[in-house]
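# Inside the fold
For reference, the chains in residue letters:
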Amino acid sequence: MTTSFLRAVFTIIRKDLQAELRSRELVNSMVLFALLSVVIFSFALELNRNTRIEVIGGVLWVTLIFASVLGLNRSLVNEREHGSLDAMLIAPIDRVAIYIGKMVGNFLFVLIVGLILLPLMTVLFNVSLIEPLMILTLVLGVLGFTSVGTLLATMTAQTRSRETLLPIAMMPVALPVILLVVRMSREILEGGNDDI
């Protein structure tokens, strides 16, 4: 990788982070959606402890994935509305640098939401999610999902029905990642709670 490639990537990441720090629109909407979803799940799933351990991984990832779709959509729509996506495309930089910069920014935003969800769900469901393997699973799952999501969000950002098209296009492509992280989360939680 050349210096100009890395400089372009870091410039895009810095731009996204600065824009989010100023507006706080993207992460706040994702966090609010995720918090409401988790609270609804916690009231709806009045389950015994063993059953909670079986379903909490799915609840975590369903909540995080839908919050991610919301965030990915907003991220690229903001770029399109402000004309910065067009400016990046005509700039003399590699398009891969644009993708990696946007993907890392989206990864950080979704990871923040995931890290907020872990202690909240630990309290609401009374099952400890704050474990090193669970955090590693969260990081890898978010990386896999945002890698696919950023590419598809960029492709659907120019369409009129982008809010509905992105989840329809993304879910089949991201399904292997989703199934893997839900399974891993369940195995981690069941392994850490053998004494129950």
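Here's a quick rundown of the structure. (Residues numbered from 1 in each chain as written. Predicted model: local features only at pLDDT ≥ 70, side-chain atom pairs only at ≥ 80, totals over all residues. Heavy atoms only, no water.)

### Observations regarding the overall build of the chain
Short version of the rule: Only DSSP runs of H or I covering at least 4 residues are called helices, and only runs of E covering at least 2 are called strands; the numbering of each starts at the N terminus. For this measure, only C-alpha atoms enter the radius of gyration; the expected value for a globule follows 2.2 Å times N^0.38, where N is the number of residues. Only protein chains enter the accessibility calculation, which uses a 1.4 Å probe. A residue is then buried if its area is under 20% of the maximum for its type, exposed if over 50%, and partly exposed in between. Every residue pair with non-hydrogen atoms within 4.5 Å of one another is taken to be in contact.
Scanning the chain from N- to C-terminus turns up seven helices and zero strands. Ordered by position from the N terminus, the helices and strands of the chain form the series α-α-α-α-α-α-α. Taken over C-alpha atoms, the radius of gyration comes to 18 Å for the chain, in line with the 16 Å a tight globule of 196 residues would show. Projected onto the principal axes, the alpha-carbon positions of the chain cover approximately 60 × 35 × 30 Å. In the chain, which comprises 196 residues, the share counted as buried stands at 41%. Across the chain, contacts joining residues at least 24 apart in sequence account for 81% of those joining residues at least 6 apart.

### Notes on the packing of helix H2 (residues 25-44) against helix H5 (residues 95-125)
Worth spelling out the cut-off: Helix axes are fitted only over the stretch in contact, all axes being lines through C-alpha atoms; the angle between N-to-C directions runs from 0 to 180 degrees. Our angle categories are set so that under 35 degrees counts as roughly parallel, over 145 as roughly antiparallel, 65 to 115 as roughly perpendicular, and the remainder as oblique. With the far helix as reference, a near helix turned anticlockwise by less than a right angle produces a left-handed crossing, and one turned clockwise produces a right-handed crossing. Under the scheme applied, nonpolar residues are Ala, Val, Leu, Ile, Met, Phe, Trp, Tyr, Cys and Pro; charged residues are Asp, Glu, Lys and Arg; polar residues are all the others, including Gly.
Relative to each other, H2 and H5 sit at 25°, their axes nearing to 10 Å. One element, H2, and the other, H5, form an angle in the roughly parallel class. By crossing handedness, the relation of H2 to H5 is classed as right-handed. Only Phe109, Val110, Ile112, Val113, Ile116, Leu117, Leu120, Met121, Leu124 and Phe125 of H5 make contact with H2, whose side of the interface consists of Leu26, Val27, Met30, Val31, Ala34, Leu35, Val38, Val39, Phe41 and Ser42. A breakdown of the residues in the contact of H2 with H5 according to their chemical character gives 19 nonpolar, one polar and no charged.

### Things to note about the nonpolar core
What counts, and what does not: Here the nonpolar core consists of buried residues drawn from Ala, Val, Leu, Ile, Met, Phe, Trp, Tyr and Cys, with membership extended through side-chain atoms lying within 4.5 Å.
Grouped together as the largest cluster of nonpolar side chains are 43 residues, with contacts concentrated most on Trp61, Leu64, Leu117, Met121, Val142, Phe145 and Met170. Mapped by element, the contributors of at least two residues to this core are H2, helix H3 (49-81), H5, helix H6 (132-156) and helix H7 (162-191). When residues of this core are assigned to their parent elements, the largest contribution, eleven residues, is made by H3. Residues Phe5, Ala8, Val9 and Ile13 belong to the second largest nonpolar core, which totals five residues.

### Examining the packing of H5 against H6
Direction vectors running N to C along H5 and H6 enclose 140°, while the axes themselves pass 8 Å from each other. As judged from the angle between their axes, H5 and H6 are oblique. In this structure, H5 crosses over H6, and the sense of that crossing is right-handed. Taken together, the residues of H6 that come into contact with H5 (itself represented by Tyr99, Lys102, Met103, Asn106, Phe107, Val110, Leu111, Gly114, Leu115 and Leu118) are Met134, Ile135, Leu138, Val139, Val142, Leu143, Thr146, Ser147, Thr150 and Leu151. Classifying every residue of the contact of H5 with H6 gives 14 nonpolar, five polar and one charged.

### Here we look at unusual backbone geometry
A positive phi angle is found at Arg24, which is not glycine, with a value near 55°. Take Arg24: it is sitting in the loop between helix H1 (3-23) and H2. Phi at Asn126 takes a positive value of approximately 55°, unusual for a residue other than glycine. For Asn126, the position within the fold is in the loop between H5 and H6.

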